[in-house]
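Examining the three-dimensional arrangement
Single-letter residue listing:
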Amino acid sequence: MKKQAQQIECVRIEELGEEDNMSAIYILWLRQIKKYLRSRSRLIGSLGQPLLFLLAFGFGFGSIYQKAGQGIYIQFLGPGIILMSVLFTAVFTGIEIIWDRQFGFLKETLVAPVPRFNIMLGRTIGGATVATIQGIIVFILTLIVGFRPNNFALIPLWLIVVFLSALLFTSLGTIIASLMEDMQGFQIIMNFLVMPIFFLSGALFPLKGLPPIMEFIVKFDPLTYGVDGARWALISKSEFGILKDLSILIIVTVILIGIGSYLFERIEA
Amino acid sequence: MNNKIIEVNNLTKKFDDFTAVNDISFDIKEGEIFAFLGPNGAGKSTTIKVLTTILKPTTGKIVLNEKNPETDKNGVRKSFGIVFQDPSLDDDLTAYENMQFHAVLYKIPGNIRNKRIEDMMKFVELWDRKDSLIKTFSGGMKRRLEIARGLLHHPKILFLDEPTIGLDPQTRNHMWSYLQNVNKKERMTIFFTTHYMEEAQKIAQRIAIIDFGKIIAIGTADELMKKTNTKSLEDAFLKMTGHVIRDEEASSTDRMRTHRRAWGRR
């Protein structure tokens, strides 16, 4: 038996033994970035919606907003629209697991000798990075439309808020994808989850003076805190304060990553 | 040659009320080339999926390379390479990137990684296309790349789920002679499913015939022919499994493919 073993003319990876699971996270991250940078149409296409919202809402409601004594609406709306595109991009990159399942690539990652948690984490951070880049692009778009941040020194803090929100919603996408067999339920998810998260977040309207039920719902929406944190950093206006915003975003993100990895662990293909 | 690298005891896999694999048991020895034959929907792919930790068994016990998938998933996953029945490459990455991705996931050390990828891609004659996106590849090219990828990390066991579908006879020949060579040199165990009888007869040392989730016969091609008193493996196969044509139920993936085709890409 020993003799036979010596004849083997190769190094089997199992004998190399080192446990380096960080590079798995990295390669999954890299994959998301490469795919994003390669799909120009997706990049450009995803700018249409924020631009439309900025123009239609920003200028459409601008005068009413100003007459109500609230100042310049585009200043208020800017951070909301940025977070909207972060929300959409993040949820979609999370949901992409379903496409991977369809094209078979998911299996390649499911049988790899890497803890599923690392696979899930790599994807999620990759998706969140993509959504953050998207957020930065939309930020530039808002500048073109006339948005002006109060204090450029707080941009790094804004980036943290954006990245946390991106992580949060990518994990949400992962959770959805782990529960869905195929894209049949996609419309339901859009209409009953993603759209409500956006519209009920305070991205479009101030939180003061809302009816109590509405206020209650809005406070349950994690995007509310992303938008509020972004406003804190960009226009020095905030309902909850940056500490509360960040804490809530962090807690919800950790919980969602936990649920996401639990579900991803159990995916069968 | 006597140590078992795969042991399957009373394995059953049910999907809701449908039993895909029904109480099967078999062993495969290290270094053996083993073929799984069976009509469509007999349970071949399901068995492979259970063996490769993609599906959890409903009941039964599996030991793979002395490791138990229940308790040591990663140990099991390190032990095998697999070529799936359906394509499993990333269409938006290049051939080389797909290989690199695999090499990193399987922790092939950086200093030998690139050389190994180059060797394997040259073997399947795709090295000159290394920077092309997979979406520009034909079915046969994808298949070849997947075979190269499955071998990249020198697995102890190689699972091939209908690996030669879509390959021309030249490629099929080339592939099998290489695999037989690796089988000898590295004592790599090969477990494959196929519809081509002559392939099973020529390549496999032992053959199991599975139908309706049950293994109905197991042995060398000669033994199977003798048992059924037939002259060819195909006759033996038909005698054991009958002539009725089977349909596989469309999987959710198939349904989604149709769906997506109808909707176009996002």
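All residue numbers refer to position in the chain's written sequence, counted from 1. All chains are assigned letters beginning with A, and all ligands numbers beginning with 1, in the order in which they are written. Totals for whole chains, interfaces and linings use every residue, but because this is a predicted model, local features are given only for residues with pLDDT of at least 70 and side-chain atom pairs only at 80 or more, for both listing and counting.

**Notes on the overall build of chain A**
- Strands are runs of DSSP state E lasting at least 2 residues, helices are runs of H or I lasting at least 4, and numbering of each runs from the N terminus. Looking only at helices and strands, one finds 14 helices and zero strands in chain A.
- Projected onto its principal axes, the C-alpha positions of chain A cover 90 × 35 × 35 Å.
- Counting over 269 residues, chain A shows a buried share of 46%.
- Each residue gets a C-beta atom placed from its backbone, and two residues are in contact if those atoms lie within 7 Å. Taking the intrachain contacts of chain A between residues at least 6 apart in sequence as the baseline, contacts between residues at least 24 apart amount to 83%. Exposure classes come from backbone-placed C-beta atoms, where a residue is buried if 20 or more other C-beta atoms lie within 10 Å of its own, exposed if 12 or fewer do, and partly exposed in between.

**A short note on the overall build of chain B**
- Scanning chain B from N- to C-terminus turns up ten helices and nine strands.
- Atoms counted for the radius of gyration: C-alpha only. Globule rule: 2.2 Å times the number of residues to the power 0.38. For 266 residues, the compact-globule formula gives about 18 Å, and the C-alpha radius of gyration of chain B, at 19 Å, lands near that figure.
- When the backbone C-alpha atoms are referred to their principal axes, chain B occupies close to 50 × 50 × 40 Å.
- Of all 266 residues assigned to chain B, the portion counted as buried reaches 44%.
- Taking the intrachain contacts of chain B between residues at least 6 apart in sequence as the baseline, contacts between residues at least 24 apart amount to 70%.

**Quick notes on the pairing of strand S5 (residues 80–83) of chain B**
All names here are of chain B.
- Here S5 shows two buried faces, one formed by Phe-80 and Ile-82 and the other by Gly-81 and Val-83.
- For S5 and strand S6 (residues 157–161), the ladder comprises four bridges, and the chain directions are parallel. When the sheet's bridge partners are listed, Phe-80 is paired in S6 with Ile-157. By the convention used here, strands pair only if DSSP detects at least 2 bridges between them.

**Regarding the pairing of strand S1 (residues 4–15) of chain B**
Residues and elements named next belong to chain B.
- Relative to strand S2 (residues 18–29), S1 is paired through eight bridges, and the arrangement is antiparallel. Across the sheet, residue Ile-6 finds its bridge partner in S2, namely Ile-28.
- Direction of pairing for S1 relative to strand S4 (residues 59–64): antiparallel, over a ladder of five bridges. Considered in S4, the bridge of Asn-9 is made with Lys-61.

**Things to note about the sheet that holds S6 of chain B**
Residues and elements named next belong to chain B.
- A sheet is described by the order of its strands in space; here six strands give the open sequence S5-S6-S7-S3-S8-S9, paired in mixed fashion. Unpaired on one side and paired on the other, S5 and strand S9 (214–219) mark the two borders of the sheet. Across this sheet, the average inter-strand angle for adjacent strands is 15°, counted without regard to direction.
- Pairing geometry for S6 and strand S7 (residues 189–194), over five bridges, is parallel. Bridging from a neighbouring strand, Ile-157 pairs with Thr-189 of S7. Each axis is a line fitted through C-alpha atoms, taken for helices only over the stretch in contact, and angles between the N-to-C directions span 0 to 180 degrees.

**Details of the confidence of the model for chain B**
- For every residue, the predictor states its confidence as a pLDDT score lying anywhere from 0 to 100. Per-residue pLDDT for chain B has a mean of 88; in total, 91% of the residues score no lower than 70.
- Considering each helix and strand of chain B separately, the mean pLDDT is smallest for helix H10 (residues 252–263) of chain B, with a value of 52, and largest for helix H3 (residues 95–105) of chain B, with 96.

**Here we look at the environment of Gly-260 of chain A**
- Summarising the element assignment, Gly-260 of chain A is placed in helix H14 (residues 242–265).
- When the 26 C-beta atoms within 10 Å are taken as the criterion, Gly-260 of chain A is described as buried.

**Observations regarding the packing of helix H10 (residues 155–179) of chain A against H14 of chain A**
Residue and element names in this part refer to chain A.
- As a packed pair, H10 and H14 sit with axes 8 Å apart at the nearest point and diverge in direction by 25°. Looking at the two axes, H10 sits roughly parallel to H14. Note on packing geometry: the crossing formed by H10 with H14 is left-handed. Residues Val-161, Leu-164, Ser-165, Leu-167, Leu-168, Ser-171, Leu-172, Thr-174, Ile-175, Ser-178 and Leu-179 of H10 form the contact with H14, whose participating residues are Asp-245, Leu-249, Ile-250, Val-252, Thr-253, Leu-256, Ile-257, Ile-259, Gly-260, Leu-263 and Phe-264. Working rule for angles: under 35 degrees goes down as roughly parallel, over 145 as roughly antiparallel, 65 to 115 as roughly perpendicular, anything else as oblique. Crossing handedness follows the turn of the near helix against the far one: under a right angle anticlockwise gives a left-handed crossing, and clockwise gives a right-handed one.

**Some remarks on helix H6 (residues 169–185) of chain B**
Residue and element names in this part refer to chain B.
- Here a helix's expected span is defined as the number of its residues, less one, multiplied by 1.5 Å. For H6, with 17 residues, the first-to-last C-alpha span of 24 Å sits near the 24 Å given by 1.5 Å per residue.
- Check the buried side of H6 and you find it contacts helix H5 (139–151), S7 and helix H7 (197–203).
- Arg-187 sits one or two positions beyond H6 and adopts a positive phi of about 50°.

**Here we look at unusual backbone geometry**
Residues and elements named next belong to chain B.
- With phi around 50°, Asp-16 is a residue other than glycine that occupies positive phi space.
- Tracing the chain through its elements places Asp-16 in the loop between S1 and S2.
- The phi torsion at Glu-125 lies on the positive side, around 55°, for a residue other than glycine.
- The partly exposed category is assigned to Glu-125, around which 13 C-beta atoms lie within 10 Å.

**Here's the deal with the sheet that holds S1 of chain B**
Residue and element names in this part refer to chain B.
- An order of S2-S1-S4 is seen for the three strands of this open sheet, with the pairing classed as antiparallel. Two strands lie at the open edges of the sheet, namely S2 and S4, each paired on one side alone. Averaged over all pairs of adjacent strands, the angle between their axes in this sheet comes to 15°, without regard to strand direction.

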